[in-house]
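A structural walkthrough
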Amino acid sequence: MTDDRPAWARRIAAERAARDWSQRDAVRALRAHAPTELPAEDSMIRQWKRWESGQMPNDFYQPIIAALFGTVTHALFPAPSRRDGDREILAASGMETLEIVSRLNRSDVDNATLDALRITADRLASEYPFMPSEQLLIEGRQWLRRVVDLHKKSLTLAQHREVLALSGWLALLVGCVEYDTGDRHAAESTRQAALSLATEADHAEVAGWAYEMRAWFALTTGDYRGVIAAAQAGAETAQHHGVAVQLAAQEAKAWARIGDRRQVEVALDKGRRLLEGMPYPGNLDNHFVVDPAKFDFYAMDCYRLVGEDKLARTLAEEVLRAGTDFDGTERSPMRNAEARVTLGVTAAREGDLEQALIMGERALEGDRQSVPSLIMTSRELAAEMRRRYSSEPAAQDYLARLSTLGQEKPGFLPQ
């Protein structure tokens, strides 16, 4: 029989099962997260059964259920439909690239041109998960040069700050793609340029993302104390912006790799509380916007590392569901790749070599990858393969392929 319940209903049942809770256990645990007294236990159990069968909880219960499972409301329950980015960009700017470039060649710059540049920067950041790295790098660098050249023109003080901020956003994007492709030194230089631009423009959000990039770089190269330092510095700078959520997640990932389970939960809870208190984002596709659904991706990584395999597997399946359209098109190919590594790790730990290899190989497919992040997570699957299946030819083939990938990017060679 097919399970035609909504995805959120299937998920809360799976989350409960991953914790080995009965419905009564779940209701009792729910009380600890409720801001006020809940109805009697038997009444709440009947309510819970209705939720698991697909009856949507009301606005009072949704954040309580999300908190119970360590996530946020909009990661668990349906949110407003995504906007059509391409049509919105065209409608908002009314300009093609050629017209924007033509306007940039004038001696002065009007606000309509700056609006078009903001929309262009948003478009490029929204194409980060999908556009081939080489193409995005070329386009990003071209637009960065064009925007930087605006400093030579006559600008008001407000326009000057706006141009600095736009330069910072584009530098962040270029630095991310440089790092994805293994050019660590260029990426760090570009990141530092973005931070300098943010400081000059007094733009806390751009500065926060520059610190987040530093944390990411440190995470993928094994400098876990460096992750924590960068995350805490960034959080102090941009505490009221969405990037603070991602900084908390990077800190949690570092603590997980250090092996401090308590600090993992502290950092995840900090990120969850920040995210729960923020308005729903307007453009989820933008790389520098924290999608509430991405919180499950952060937690998945942490739970895999601390050996909570049931929770990690449940979250990996949710990441794949949320990151794949009904026709099989992947909306979040890089997140999906790491979710497959997680499923591979949990399968390997359970003795299922065949499934571990299937997931490991599928993670290495795809045109759009963040090679440092993929190698970092694949190290864990490689370690499980060496520990449990070192004599198996199929496992040896996978390890050889992963080693080849690491040699192509020598700064990220698996240990």
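Residues numbered from 1 in each chain as written. Predicted model: local features only at pLDDT ≥ 70, side-chain atom pairs only at ≥ 80, totals over all residues. Heavy atoms only, no water.

1. Focus: the packing of helix α15 (residues 261-276) against helix α16 (residues 294-305)
In the contact formed by α15 and α16, the axes pass within 11 Å of each other and the chain directions differ by 180°. Of the possible angle classes, the one that applies to α15 and α16 is roughly antiparallel. Contacts between α15 and α16 involve R261, V264, E265, L268, G271, R272 and L275 from the first element and F295, A299, C302 and Y303 from the second. Its residues assigned to classes, the contact of α15 with α16 comprises seven nonpolar, one polar and three charged. (Axes fitted to C-alpha atoms, helices over the stretch in contact; angles between N-to-C directions. Helix = DSSP H or I, 4+ residues; strand = E, 2+ residues; numbered from the N terminus. Parallel < 35°, antiparallel > 145°, perpendicular 65-115°, else oblique. Contact = heavy atoms within 4.5 Å. Nonpolar A, V, L, I, M, F, W, Y, C, P; charged D, E, K, R; others polar.)

2. Some words on the nonpolar core
Membership of the largest hydrophobic core comes to 78 residues, with the highest contact counts inside it found for Y128, L172 and L268. Within the second largest apolar cluster, 20 residues are counted, among which are A26, L30, I64 and I65. (Core = buried A, V, L, I, M, F, W, Y, C linked by side-chain atoms within 4.5 Å. Buried < 20%, exposed > 50% of the residue type's maximum accessible area, 1.4 Å probe, protein only.)

3. Quick word on the pattern of salt bridges
Under the counting rule described, the total for this entry stands at 35 salt bridges. Residue E15 pairs with R19 through a salt bridge whose shortest N-O separation is 2.6 Å. No difference in accessibility class separates E15 from R19, as the two residues are buried. In this structure, R141 engages E178 in a salt bridge whose closest nitrogen and oxygen atoms are separated by 2.8 Å. (Salt bridge = Lys/Arg side-chain N within 4 Å of Asp/Glu carboxyl O.)

4. Section: the environment of H287
Residue position: H287 is located in the loop between α15 and α16. Once residues lying within four places of it in the same chain are set aside, the contact partners of H287 are A125, Y128, C176 and W209.

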